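Chain residues, written in single-letter form:
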Amino acid sequence: MIVTIDGVAASGKSSVASGVARALGIPYVSSGLLYRTATLLGLEAGLELNDATALLAHLRANPLRLEPRAKGNRVWVGERELTAELHSSRVDAGVSRVAALPEVRAWVDAQLRALPEPFVAEGRDMGTNVFPHAGAKFYLTASPRVRAERRAKERPEDVPAIEAALTERDRLDTVQSAPAPDARVIDTGPLTLDEVIGAVLSELPEHVSRG
Ligand SMILES: Nc1ncnc2c1ncn2[C@@H]1O[C@H](COP(=O)(O)OP(=O)(O)O)[C@@H](O)[C@H]1O
Ligand SMILES: Nc1ccn([C@H]2C[C@H](O)[C@@H](COP(=O)(O)OP(=O)(O)O)O2)c(=O)n1
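Residues numbered from 1 in each chain as written. Chains lettered and ligands numbered in written order. Predicted model: local features only at pLDDT ≥ 70, side-chain atom pairs only at ≥ 80, totals over all residues. Heavy atoms only, no water.

*Asks:* Would you mind going over the site of ligand 1 in detail, with residue names and values included?
*Replies:* Neighbouring ligand 1 are 15 residues; Lys 13, Ser 14, Ser 15, Glu 154 and Leu 191 lie closest to it. Within the contact set of ligand 1, an oxygen atom lies 3.0 Å away from a backbone nitrogen or oxygen of Gly 12. Backbone polar atom of Leu 191 to a nitrogen atom of ligand 1: 2.5 Å apart, as the coordinates give it. Its free accessible area being 570 Å², ligand 1 has 82% of it covered by the protein chains. Tallying contributions element by element places helix α1 (residues 13-24) first for the shell around ligand 1, with three residues. (Near = heavy atom within 4 Å. Polar contact = N/O pair within 3.5 Å; in protein donor to acceptor, adjacent residues only side chain to side chain. Areas by Shrake-Rupley, 256 points an atom, 1.4 Å probe, with all protein chains shown as cover. Helix = DSSP H or I, 4+ residues; strand = E, 2+ residues; numbered from the N terminus.)

*Asks:* Lay out the packing of helix α3 (residues 52-61) against helix α5 (residues 102-113) with the relevant residues and their values.
*Replies:* It is the contact of α3 with α5, at a shortest axis distance of 9 Å, that shows an interaxial angle of 25°. Judged by the angle between their axes, α3 and α5 are roughly parallel. Contacts between α3 and α5 involve Ala 52, Leu 55, Leu 56 and Leu 59 from the former and Glu 103, Val 104 and Trp 107 from the latter. Its residues assigned to classes, the contact of α3 with α5 comprises six nonpolar, no polar and one charged. (Axes fitted to C-alpha atoms, helices over the stretch in contact; angles between N-to-C directions. Parallel < 35°, antiparallel > 145°, perpendicular 65-115°, else oblique. Contact = heavy atoms within 4.5 Å. Nonpolar A, V, L, I, M, F, W, Y, C, P; charged D, E, K, R; others polar.)

*Asks:* Explain the sheet that holds strand β5 (residues 80-81) residue by residue, including any values.
*Replies:* Adjacent strands of a sheet form backbone hydrogen bonds with each other and so pair up, either parallel or antiparallel. One open sheet holds the three strands; their spatial order is β3-β4-β5, and the pairing between them is antiparallel. If you trace the sheet from one side to the other, it starts and ends with β3 (64-67) and β5, each paired once. Direction of pairing for strand β4 (residues 74-77) relative to β5: antiparallel, over a ladder of two bridges. Counted as the bridge partner of Val 77 is Arg 80 from β5. (Pairing = 2+ DSSP bridges.)

*Asks:* How would you summarise the sheet that holds strand β7 (residues 136-141) if you had to cite specific residues and measurements?
*Replies:* Across the sheet, five strands lie side by side as β2-β6-β1-β7-β8; this open sheet has parallel pairing. Every interior strand has two partners, whereas the edge strands, β2 (28-30) and β8 (184-187), have only one. In this sheet, adjacent strand axes meet at a mean angle of 20° when their direction is disregarded. Of the strand pairs in this sheet, strand β1 (residues 2-7) and β7 are connected by five bridges, and their pairing is parallel. Residue pairing in the sheet places Ile 5 in a bridge with Phe 138 of β7. Taken strand by strand, helix α2 (residues 31-44) contacts β2 and β6 (119-123), and its axis lies near 35° from that of β2.

*Asks:* Which residues make up the pattern of salt bridges, and what values go with them?
*Replies:* Overall, the coordinates contain 13 salt bridges when judged by the stated rule. Salt bridges sharing common partners tie together Arg 36, Asp 92 and Arg 155. (Salt bridge = Lys/Arg side-chain N within 4 Å of Asp/Glu carboxyl O.)

Below, the structure is given as structure tokens:
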């Protein structure tokens with residue numbers, strides 16, 4: 001059983017996926033963390049972020065490990081944990097370029113499809129491209145200002161700068177960010193985090209919530 005939670009940047013995907021996964025007693029997996037890891041490793045190696053051949057060779061030479069814990073995913077390369085470094089503004093600024101590369105998308109998709117079910121998967125194209133046969137699909141939205149205000153609690157920049165960066169990333173990510181036709185769209189703007197988690201859980205078909 002797979003539940004997909006897609007949506008725009010900072011719409012609440014990870015927090016909601018984590019809450020839903022904990023309620024169901026299953027893991028969740030953040031596909032964005034894999035794109036962020038590819039970006040961080042590329043930046044650290046001094047690679048051009050649109051050089052797919054060099055990036056893929058570097059990723060294959062430094063295999064990562066995603067730990068899909070329900071309370072928060074962690075990423076390792078060898079003995080080094082990268083998790084805390086994946087949400088920097090530097091990675092935010094480069095990640096859409098990396099995510100636009102078909103070779104990198106195929107690399108991420110292969111890792112996701114190898115995971116043992118059940119799990120909750122969150123990202124942009126989980127319900128459309130990666131897991132079109134998922135048992136339940138959701139798509140989260142909120143206005144750019146609401147999302148920027150939430151993210152400002154996690155970044156050093158001010159709200160207008162974060163809003164501008166989020167809007168630009170939405171634009172760059174448009175291609176892979178369309179909601180699945182069978183996804184339930186939830187505007188998280190007027191809701192608390194617990195209310196969004198509750199809305200998702202209440203919409204799950206009975207066979208999915210039973211496992
Ligand atoms: N109603 C809400 N729904 C979802 N997230 C919310 C809500 N209210 C506040 N947040 C907060 O918004 C922030 C961004 O959420 P996050 O899960 O990181 O989004 P994403 O994974 O889509 O980037 C988190 O700190 C989260 O707790
Ligand atoms: N399934 C996915 C997940 C993320 N991406 C890309 C698009 C996003 O700008 C980056 C980072 O995704 P992530 O979900 O971590 O970012 P936000 O928390 O929503 O800001 O990766 C993607 O193209 N496809």
